[in-house]
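Each chain, letter by letter, is given below.
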Amino acid sequence: MRKLIFFFTCIAYCYVAAQETPTNAVQKEFQIHISKTNAPVKIDGELKDLIWGTAQKTTPFWRKFPTDGGRPKRNTEVQVAYDDKFIYVAFTAFDSGKAFISGLKRDIGYDGNDGVAIVLDPINQKANGFFFVINAFNAQSEDQLSDGIAPTWSWDNKWFSATKRYPDRWTAEIAIPLKTIRYTPDKKIWGINFTRIDTKTNEISCWTKVPVNYNSYDFGFTGALVWKENPPQPGTNIVVVPYVTGQLQSDAQNNLPTKASANAGFDSKVALTSSLNLDLTVNPDFSQVEVDRQVTNLTRFNIFFPEKRTFFLENSDLYSLFGYSRLRPFYSRSIGLDKSGNRIPILFGARLTGNVSKNTRIGALNIQTGRKGNYNPENYTAITVSQRLFKRSIIKGLFLNHDASLTDVQKLTNPLDEYGRNIGGEFSYSSENAAWNGGAAYHQSFKPGIKSNDKYLEVFGLYNKKNWYFSLDMVSVGTNYYADLGYIQRVENYDAEKDTVIRLGYKSISTYALYRVFSQKRKITYHGIGFGNTQILNPDNTFNERSSSLNYYILGKNTSSFNIVLQNDRINLLFPTRFTSKAPLPKGTYTYTSVFVRYASDFRKTFGYTFGGTIGGFYNGTTRQLTAGINFRRIPNINIGIDASYYKLLFPEPYGNRELFLISPRVEINFSTNIFWTTFLQYNTQGNNFNINSRFQWRYKPLSDLFLVYTDNYYTDPLFKNKNRAVVLKMNYWLNL
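These remarks concern the structure in this document. (Residues numbered from 1 in each chain as written. Predicted model: local features only at pLDDT ≥ 70, side-chain atom pairs only at ≥ 80, totals over all residues. Heavy atoms only, no water.)

1. Considerations on the overall build of the chain
1) Next: For the chain, the count of helices and strands is five helices and 42 strands.
2) Next: Across its three principal directions, the C-alpha atoms of the chain cover 80 × 60 × 60 Å.
3) Next: Taken across its 737 residues, the chain has 52% of its residues classed as buried.
4) Next: Of the contacts formed within the chain by residues at least 6 apart in sequence, a portion of 59% connects residues at least 24 apart.
5) Next: Accessible area of the chain: about 33,400 Å², with a carbon and sulfur share of 59%. (Helix = DSSP H or I, 4+ residues; strand = E, 2+ residues; numbered from the N terminus. Buried < 20%, exposed > 50% of the residue type's maximum accessible area, 1.4 Å probe, protein only. Contact = heavy atoms within 4.5 Å. Areas by Shrake-Rupley, 256 points an atom, 1.4 Å probe, with all protein chains shown as cover.)

2. Focus on the pairing of strand β37 (residues 657-670)
1) Next: With 13 bridges joining them, strand β36 (residues 638-650) and β37 adopt antiparallel strand pairing. Bridging from a neighbouring strand, Y646 pairs with F661 of β37.
2) Next: Hairpin geometry of β36 and β37 is characterised by an intervening segment of six residues between the two adjacent antiparallel strands and by a positive phi of about 80 degrees at G656.
3) Next: When β37 meets strand β38 (residues 675-684), the two strands line up antiparallel, connected through seven bridges. When the sheet's bridge partners are listed, L662 is paired in β38 with N684. (Pairing = 2+ DSSP bridges.)

3. A word on the nonpolar core
1) Next: In this structure, I87, F91, I118 and F194 are the most contacted members of the largest nonpolar core, which totals 41 residues.
2) Next: Those elements that provide at least two residues to this core are β4 (76-82), β5 (86-94), β6 (115-121), β7 (128-135), β10 (169-177) and β11 (189-198).
3) Next: With 17 residues, the next largest nonpolar core counts F312, F330, I335 and I346 among its residues. (Core = buried A, V, L, I, M, F, W, Y, C linked by side-chain atoms within 4.5 Å.)

4. Examining the side chain of R699
1) Next: With respect to the helices and strands, the residue R699 is situated in strand β39 (residues 689-701).
2) Next: You can call R699 buried: its relative accessible area is 13%.
3) Next: For R699, the residues in contact, after removing those within four places along its chain, are R106, N674, S704 and D705.

5. Some points on the environment of N263
1) Next: With respect to the secondary-structure elements, N263 resides in strand β15 (residues 256-271).
2) Next: In sequence terms N263 and G246 are 17 residues apart; their C-alpha atoms lie 6.5 Å from each other.
3) Next: Filtering out sequence-adjacent residues up to four positions away, N263 remains in contact with Y243, V244, T245 and N283.
4) Next: A polar contact is formed between the side chain of N263 and the side chain of N283, at a distance of 2.5 Å. (Polar contact = N/O pair within 3.5 Å; in protein donor to acceptor, adjacent residues only side chain to side chain.)

6. A word on the pattern of salt bridges
1) Next: For the structure on display, the rule yields 30 salt bridges.
2) Next: Two residues, K48 and E46, come together in a salt bridge whose shortest N-O distance is 3.3 Å.
3) Next: Relative accessible area serves as the criterion here: at 26%, E46 is assigned to the partly exposed category.
4) Next: Salt-bridge contacts for D168 lead to R169; the nearest nitrogen and oxygen are separated by 3.0 Å.
5) Next: Given the relative accessible area of 27%, R169 is considered partly exposed.
6) Next: Beyond isolated ion pairs, a larger network of salt bridges with shared partners links R74, D95, D114, R196, D198 and K200. (Salt bridge = Lys/Arg side-chain N within 4 Å of Asp/Glu carboxyl O.)

7. Some words on a nonpolar patch on the surface
1) Next: Side chains of L248, F671, W677, F696, W698, L708, V727 and L729 sit close together on the surface and give an oily, nonpolar patch of about 730 Å² of accessible area.
2) Next: Going through the elements one at a time, β39 and β41 (719-732) are the ones with two or more residues in the nonpolar patch. (Patch = residues over 30% accessible without salt bridge, like charges linked within 9 Å, V, L, I, M, F, W, Y side chains within 5 Å.)

8. A look at the packing of aromatic side chains
1) Next: For the structure shown, the criterion picks out 52 aromatic pairs.
2) Next: With a centroid separation of 6.4 Å and an interplanar angle of 15 degrees, the aromatic rings of Y324 and Y456 are classed as stacked. Of this pair, Y324 sits in the loop between α4 (317-320) and β17 (327-328) while Y456 sits in strand β24 (residues 455-464), placing them 132 residues apart in sequence. By the burial criterion, Y324 is buried, and Y456 matches it.
3) Next: Their ring planes at 5 degrees and their centres at 6.4 Å tell us that Y609 and F611 sit as a pair that is stacked.
4) Next: Residue Y609 is classed as partly exposed on the basis of its relative accessible area, which comes to 40%.
5) Next: Taken together through their ring pairs, the aromatic side chains of F579, Y590, Y592, F618, Y619 and F651 make up a single cluster.
6) Next: R169 extends its terminal NZ or CZ atom over the ring of Y166, reaching a point 4.1 Å from the ring centre. (Phe/Tyr/Trp six-rings, centres within 6.5 Å; stacked < 30°, edge-to-face > 60°. Lys NZ or Arg CZ within 6 Å of the ring centre and 35° of its normal.)

9. Topic: the sheet that holds β5
1) Next: Within the open sheet, the five strands sit side by side as β2-β4-β5-β10-β9. Their pairing is mixed. Two strands in the sheet have a free side with no partner beyond their single neighbour: β2 (35-36) and β9 (160-165).
2) Next: One ladder, built from nine bridges, connects β5 with β10; its direction is antiparallel. In the sheet register, I87 faces β10, and the bridge partner there is I176.

Written as structure tokens, this is what we have:
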């Protein structure tokens, strides 16, 4: 403990010293002054308002992709203005020909779209901020981001935009309410950047110089938005979103009769300060959320499904980025869902997030679930504090608590379910140019009666420059490390002969090296070769598993791509494992090699396609895998696709063979930027499930929706025997107070 105190004291001292002489070369070179307007701005995309005749224009953009440096083929101009209620942004994107977009739905993001984006960091600490995107047909996407984290488009707030298309350009006009942005009025320099996505030429350009190996929304490369006067007071921002639902549901799987039900609840957002927000939810309903995309799982362990429920996604980086890919102490899908994915009612919840100072960010979450059948009420708490250090480094802490309302019988049969707690701290270092990154993590779990082997530790580092990428990650997970609110892979091992689960911790060392070349040739954007190796050890340091891979990737100027991977695995199987309906594979050491190949065509074409396959060994047998997909797009209204995969596992007797199919058609019809219809089918023989999910959405007012959702589930064996079905009508209304 003394060593930890000394360590953090040294870090804090270095942090204070580093703040004495702040420098920001990018913001010295790239500055735009925001102009005040006293006349109203009409958001129509035509840029005829008086302010656009005088507001400062950005300097010419710099190409960011497919290579950095130099100017893009088509220039973009941006102007910024404000009044007492809004920040206004005007884009002029010089262009020719018909715009290319992937759809009209909200939150489709920027990939595959002719579009423009605003990266906004009002705190100007390169840590977190806002990302606003519209495509050429005015489909909006927005998100709150933390440095280096990809957008999920989960943050929703009301803002306004319009676009106008001309023969030689298209224009966009945006109004962002000041009260939706977290900032302090005494700060006169904000971080800002602008991005242009020109899909027809396969170019991305930015106002500032962003290296090709970094994201266009990286806060480390924002320029300066300069205010002559202090920004206006943001004003109060209180939002209430009530909803009502009606549902008709049948459950043939459990022999339950068809029943009708109704429900109601609300979400609320309250800005406590200019940078601190309180979210409340009472009886939330997630019936409109799209179903999980099913996958074929040929591993011995559980797989990770992304969270899709909006309440848990907003500001989720505060909690969900602790740990690493195979271990997340906080995984929100553990709340409100049982281990089979069935919904558990959430009674109410509260979340407090934001900045308490320019360098300190906090999060506090509490959720109470209700009773469902034999599933008892539970309470979940998550608290996190994140402190900015140096230029772009962070130290953060996490506390998690799960309490279950157990009966006396349950306490006797499984006392570990009574409660689960976790406490941990992590430090991540990033150089100012983000080339060097590294850090360490320490987490401790607490369970009734457990006193040892209950820790998770990690040390990692990486180097990322234009041509070279290196990473090293070392992890140790104790056998008794639990995370009631989390996701842990590998610790739980299933013994197919004894039909039981055995917990076993592990240690791992993972390395990856990549060399990539960004080509100036006419047909190639870049290509690279990489080597990865992961070594898994048992807690006593004996060998458990090794996986080594060599891969080559090439991306064409026309967006097509080709990837080939040669992989060799060596596994010391500790417990009998079954992959077919026949005998399980026995314990022992297995070594095998496989080759994976994938090609994707130019997605900008009316018809796009992908195909790939794997051939080689699989434990003591062989595997044959084929995947294919085809997509039809008619801009801007129709997007139809189908993905299919086939797996064949062949083992020597008496271990049997197995064939698996996964077929997933999808139809999206965008009638406008306010009316959408999406139908998604999934035929999965591994899960013995055929799912139909069809969702109609009408956005009748900004962020106010009417949903009509039909979902139906059948067995694949026996084919098309119904499990359950439901029809849900949901209406919500976004109310600003």
